Amino acid sequence: MDKMHILVTGGCGFIGSNFVRYMLSRHPHAITNMDKLTYAGNLENLKGLESEPRHRFIKGDIANISDVEKAFADDTDIVVNFAAETHVDRSILDPDAFIGTNIYGTYLLLEAARKKGVKKFMQVSTDEVYGSLPPAGKFTEETPLAPNSPYSASKASADLLAMAYWKTFKTPVVITRCSNNYGPYQFPEKLIPLLITNAVENLELPIYGDGLNVRDWIHVEDHCEAIALVLEKGEPGNVYNVGAENERTNLEIVTSILDILKKPHSLIRYVKDRPGHDRRYAIDNTKIHTKLGFKPGRAFKTGLEETVRWYVENRTWWQSIRTGEYLKYYEKMYKDR
Ligand code: NAD
Ligand code: DAU
């Protein structure tokens, strides 16, 4: 793809920061990265890029019109919207920020993109918009939307708005719906980094319900590659599911992590289930494979081993997060559960 100016939102979070690094190392594009730096956003995730002239960081809120106008002041060719409140459990504790950022924030970006006449607007969505699967079958792009948490309902709302901008205004929207990501820089409230960091510190590993809920795991770099492909070749007005055919129960995940770290399985603690807990996710990625040639490159076993090693070797990164607000949240979520 020719050199473009990309507005990335939420580029200081887990997937956004991996995407910024991925794009700058493989493509000639310039990136403006607007992030509100919520509890989940961290400039440390972009360490090393301080002197990179093709990356410009702006602290700003996608749900604030003047911040959005500032972000679009550059010659924006493409928008990639990662910015979101993303943790299902927090959306159960308090949905408010999810509505503001995920729905209203997406609307402001779409409106600015329409006025600017951008070449592409990528809405980074999630397989959770499809709801929960029985033991058989997979999510295709035609699966009806049936979100079950305030988080997934807010993401489904944003998807519908984005598609309405394509249908009504021909804003060139593309939507990706990816399964669960893992890899470096994931905030340690999500399952895999929470289990790794607790195990390293010999703390109990909380598993909701019977531990048999299934998630379909993909390495974050494979997700970044899929987004880059959709930016280059994806057809406006289309949804692309993204997954790596890696279904695992939560129990399989926790025992694998304990085995890699050579820690006892007795650290596992079964706790009260998440309300409205989706039982199973599984992605059918036939469309992105056949239409765009996407093939995830990472085997889960080595990807998980490398991820565990990354957390072991980057202890200061997560130890500085697991203080203050994090400890308050952890206590609220897990104490007496
Ligand atoms: P994350 O929580 O790690 O990062 C979110 C980032 O958005 C943070 O840097 C935060 O500061 C920023 N942000 C939040 N509200 C903002 C606002 N109002 N304005 C500007 N910035 C704001 O999330 P993630 O896991 O990296 O997810 C990124 C995107 O990918 C989200 O849209 C999420 O729904 C989607 N997604 C995530 C997964 C996954 O497994 N993590 C899977 C599929 C899709
Ligand atoms: O499927 C994509 C989605 O994956 C993204 O859209 C979300 O942003 C992302 O957070 C993730 O949602 P999940 O709810 O699947 O991820 P989480 O890491 O919170 O939980 C994964 C599974 O592990 C789920 O079945 C709940 C369970 N779990 C989670 C935590 C935090 C536990 O058993 N114990 C825990 O402490």
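One can find the structure itself at the top, above this paragraph.
None of the values given here were measured: they were computed from a predicted structure. (Residues numbered from 1 in each chain as written. Chains lettered and ligands numbered in written order. Predicted model: local features only at pLDDT ≥ 70, side-chain atom pairs only at ≥ 80, totals over all residues. Heavy atoms only, no water.)

Tell me about the site of ligand 1, residues and numbers included.
Near ligand 1, the surroundings consist of 28 residues, among which I15, D35, T86, Y151 and K155 are the closest. Separating an oxygen atom of ligand 1 from a backbone N or O atom of V124 is a distance of 3.5 Å. Within the side chain of K155, an N or O atom sits 2.7 Å from an oxygen atom of ligand 1. Against a free-state accessible area of 840 Å², the protein chains account for coverage of 96% of ligand 1. Looking at the shell around ligand 1, the elements with two or more residues in it are helix 1 (14-26), strand 5 (120-126), helix 5 (150-169) and strand 7 (180-182). Among the elements that make up the shell around ligand 1, the one with the highest residue count is strand 5 (three residues). (Near = heavy atom within 4 Å. Polar contact = N/O pair within 3.5 Å; in protein donor to acceptor, adjacent residues only side chain to side chain. Areas by Shrake-Rupley, 256 points an atom, 1.4 Å probe, with all protein chains shown as cover. Helix = DSSP H or I, 4+ residues; strand = E, 2+ residues; numbered from the N terminus.)

Break down the site of ligand 2 for me, with residues and values.
Taken together, 25 residues sit near ligand 2, with D127, E128, Y151, R274 and Y334 positioned nearest. Y151 is positioned with one of its side-chain polar atoms (N or O) 2.6 Å from an oxygen atom of ligand 2. Relative to its unbound accessible area of 690 Å², ligand 2 is 95% covered by the protein chains. Breaking the shell around ligand 2 down by element, the ones donating at least two residues are helix 3 (88-93), helix 6 (191-200) and strand 8 (205-208). Of the residues forming the shell around ligand 2, the biggest block, three residues, is contributed by strand 8. Split into classes, the residues belonging to the shell around ligand 2 amount to ten nonpolar, eight polar and seven charged. (Nonpolar A, V, L, I, M, F, W, Y, C, P; charged D, E, K, R; others polar.)

Break down the sheet that holds strand 11 (residues 247-249) for me, with residues and values.
A sheet is described by the order of its strands in space; here three strands give the open sequence 7-9-11, paired in mixed fashion. Since the sheet does not close on itself, it has two edges, and those belong to strand 7 and strand 11, each with one partner. Going across the sheet, the axis of each strand differs from the next one's by a mean of 50 degrees, ignoring polarity. Across the face of the sheet, helix 8 (residues 250-260) comes into contact with strand 9 (214-219) and strand 11 while running at roughly 80 degrees to strand 11. Here helix 10 (residues 300-313) sits on the sheet in contact with strand 7, strand 9 and strand 11, set at roughly 55 degrees to strand 7. (Pairing = 2+ DSSP bridges. Axes fitted to C-alpha atoms, helices over the stretch in contact; angles between N-to-C directions. Contact = heavy atoms within 4.5 Å.)

Go over the nonpolar core, please, and point to the residues and values.
Across soluble globular proteins, nonpolar side chains have a tendency to be buried as a group. Among the nonpolar cores identified, the biggest contains 36 residues, and F19 and V80 are the most heavily contacted of them. Elements with a contribution of two residues or more to this core: strand 1 (5-9), helix 1, strand 4 (78-81), strand 5, strand 6 (173-178), helix 7 (220-233), strand 10 (238-242) and helix 9 (286-292). Examining the composition of this core, we find that eight residues originate from one element, helix 7, more than from any other. Beyond its immediate stretch of four places on either side in the chain, V80 contacts I6, L7, V8, T9, F19, M122, V124, I227 and L231. Counting 33 residues, the second-largest nonpolar core is a separate cluster that includes I196, Y208, W317 and Y334. (Core = buried A, V, L, I, M, F, W, Y, C linked by side-chain atoms within 4.5 Å. Buried < 20%, exposed > 50% of the residue type's maximum accessible area, 1.4 Å probe, protein only.)

If you had to explain the environment of H223 to someone new, which residues and values would you point to?
Within the fold, H223 resides in helix 7. With 124 residues separating them in the primary sequence, H223 and I99 have C-alpha atoms 25 Å apart. When residues no more than four places from it in sequence are discounted, the contact partners of H223 are I15, V124, T176, C178, N181, I218 and V242.

Provide a residue-level description of helix 4 (residues 96-116), including the pertinent values.
The end-to-end C-alpha separation of helix 4 is 29 Å, in line with the 30 Å expected for 21 residues at 1.5 Å each. Of all the bends in helix 4, the largest measures some 25 degrees and sits at G105. Of all the residues in helix 4, the buried ones are F98, T101, N102, G105, T106, L108, L109, L110, E111, A112 and A113. G117 sits one or two residues past helix 4 and shows a positive phi near 70 degrees. (Expected span 1.5 Å × (residues − 1). Bend = angle between axes of the 7 residues up to and from the residue.)

Could you give an account of the sheet that holds strand 5, naming the residues involved and the relevant values?
A sheet is described by the order of its strands in space; here seven strands give the open sequence 3-2-1-4-5-6-10, paired in parallel fashion. The outermost strands of the open sheet, each flanked by one partner alone, are strand 3 (55-59) and strand 10. The average angle at which neighbouring strand axes cross in this sheet is 20 degrees, direction not considered. Summarising the sheet, strand 4 and strand 5 pair through four bridges and their orientation is parallel. From the neighbouring strand, I78 faces strand 5, where its bridge partner is K120. Across the sheet, helix 1 lies against strand 1, strand 2 (30-35), strand 3 and strand 4, angled at about 170 degrees from strand 2, the strand it touches most. With respect to the sheet, helix 4 is in contact with strand 1, strand 4, strand 5 and strand 6, its orientation differing from that of strand 5 by roughly 160 degrees.

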